[in-house]
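Chain residues, written in single-letter form:
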Amino acid sequence: MSPAPYDTLNLAGYVGDLPGAVTENRDRVARAMGSSDLATMRCVHGAAVARVHGPSETEAVDGLVTTNAGLVLLALGADCVPLAIIGSNGMAIGVAHCGWRGLVGDVIGEAVNAVAALAGSVQEVVLGPAVCGACYPVPPERVDMLRDAVSRGVCTAAIATRHDGQPGIDVRAGARARFVELGVPARIIRFVGGCTVEDQGLFSYRRDGVTGRQGMAACIVEGT
Ligand SMILES: [Zn+2]
């Protein structure tokens, strides 16, 4: 169990938490999913997606895919959205980390393509907790960068107008719009958890600065 401010289930090894506590926390996640093997990554707010076959911590990618049953994939986040993509019939799964830079770089497109290449199509998408548009004010230049990089539909979904008139970015709404744009039906896209800034039970980098990372984990379970 991690000490404050990383309590209770910080899953990131790069935020100042005790390494032994992080290992134990990750083991708990794997065990909860009936496994002892876990693959995660060191995200860089990019769009690279790696295929993994066993326990690992891949550097400099923001997405992982696998066809290996029993291998837990873990994406981390604390305001950016950690998400899971389940391929048809559980033939392949993927996880990714997406913030505003991920929208610009299209990590979702890369991850969907990687899962679809292995499984044919996508069966389900789960978007974890993330900062909402009201809690994430951004400078106008960032809105312009987003406008230049993504479609009008994704932009419209992602950009929120806050009460004070300043623009905000709702990463999860933008991510959902991107999935739909890629042909993933809206009815198979689920949200879990709320706004990381508003929910004191979640880690939020924007709210706390020094803090842990929660995660989205996915695993192909054999025999199902
Ligand atoms: Zn919020």
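Just so you know, these numbers come straight off a predicted model, no measurement behind them.

Each value, and the rule that gives it
Residues numbered from 1 in each chain as written. Predicted model: local features only at pLDDT ≥ 70, side-chain atom pairs only at ≥ 80, totals over all residues. Heavy atoms only, no water. 1 Å grid on protein atoms, 1.4 Å probe; cavity = no way out; pocket = protein on both sides within 12 Å on 5 of 7 lines; lining within 4 Å. Points joined across faces, edges and corners; volume = space filled by probe spheres on them. Nonpolar A, V, L, I, M, F, W, Y, C, P; charged D, E, K, R; others polar. Phe/Tyr/Trp six-rings, centres within 6.5 Å; stacked < 30°, edge-to-face > 60°. Lys NZ or Arg CZ within 6 Å of the ring centre and 35° of its normal. Pairing = 2+ DSSP bridges. Helix = DSSP H or I, 4+ residues; strand = E, 2+ residues; numbered from the N terminus. Axes fitted to C-alpha atoms, helices over the stretch in contact; angles between N-to-C directions. Contact = heavy atoms within 4.5 Å. Donors = N, O, S within 2.8 Å, 3.2 Å for Na, K, Ca; no water. Parallel < 35°, antiparallel > 145°, perpendicular 65-115°, else oblique. Left-handed = near helix turned anticlockwise from the far one by under 90°. Buried < 20%, exposed > 50% of the residue type's maximum accessible area, 1.4 Å probe, protein only. Polar contact = N/O pair within 3.5 Å; in protein donor to acceptor, adjacent residues only side chain to side chain.

**A closer look at the layout of surface pockets**
Space left empty within the atom packing is revealed by a probe, the size of a water molecule, rolled over the atoms. In this structure, the largest pocket spans a volume of roughly 450 Å³. Classifying every residue of the lining of the largest pocket by side-chain character gives 11 nonpolar, four polar and five charged.

**Digging into the packing of aromatic side chains**
Applying the stated rule across the entire model yields zero aromatic pairs. Between the NZ or CZ atom of Arg 176 and the centre of the ring of Phe 191, over which it lies, the distance is 5.6 Å.

**Quick look at the sheet that holds strand E11 (residues 189–191)**
Spatially, E2-E4-E7-E6-E8-E11 is the arrangement adopted by the six strands of the open sheet, whose pairing is mixed. The open sheet is flanked by strand E2 (49–51) and E11, the only strands paired with a single partner. Between one strand and the next, the sheet's axes are offset by a mean angle of 15 degrees, whatever the strand orientation. Looking at chain direction, strand E6 (residues 81–87) and strand E8 (residues 122–127) are connected through five bridges and run antiparallel. Counted as the bridge partner of Gly 87 is Val 122 from E8. Those strands touched by helix H6 (residues 171–181) are E6, strand E7 (93–98), E8 and E11, and its axis lies near 170 degrees from that of E11.

**Comments concerning the sheet that holds strand E3 (residues 56–59)**
Taken together, four strands build an open sheet; the order of strands is E3-E1-E5-E12 and the sheet is mixed. Strand pairing shows two members of the sheet lacking a second neighbour, E3 and strand E12 (214–218), which therefore form its edges. The mean angle between the axes of side-by-side strands here comes to 25 degrees, regardless of whether they run parallel or antiparallel. Pairing between strand E1 (residues 37–42) and strand E5 (residues 71–77): three bridges, direction parallel. Following the sheet pairing, Asp 37 is matched in E5 by Leu 71. Against the sheet, helix H1 (residues 19–32) makes contact with E1, E3, E5 and E12, and its axis sits at roughly 130 degrees relative to E1, the strand it touches most.

**Some words on the coordination of the zinc ion**
Summarising the metal site, the zinc ion is bound by the protein donors Cys 132 (SG), Cys 135 (SG), Cys 195 (SG) and Glu 198 (OE), whose distances to it range over 1.9 to 2.3 Å. The sequence pattern describing where the donors of the zinc ion fall on their chain is C-x2-C-x59-C-x2-E.

**A look at the packing of helix H3 (residues 107–119) against H6**
H6 packs onto H3 with a crossing angle of 45 degrees between their chain directions and a minimal axis gap of 10 Å. In terms of axis orientation, H3 runs oblique to H6. The two elements H3 and H6 meet at a crossing, and its hand is right-handed. Contacts between H3 and H6 involve Ile 108, Gly 109 and Val 112 from the first element and Ala 175, Arg 178 and Phe 179 from the second. Grouping the constituent residues of the contact of H3 with H6 by class yields four nonpolar, one polar and one charged.

**Quick look at the side chain of Ser 2**
Assignment of secondary structure puts Ser 2 in the segment before H1. On the basis of relative accessible area, Ser 2 is assigned to the buried category, the value being 4%. A distance of 2.4 Å separates a polar atom in the side chain of Ser 2 from a polar atom in the side chain of Asp 17. Of note is the side chain of Ser 2, whose polar atom sits 2.9 Å from the side chain of Asn 25. Not counting residues up to four positions away in its chain, the partners in contact with Ser 2 are Asp 7, Thr 8, Asn 10, Asp 17, Ala 21 and Asn 25.

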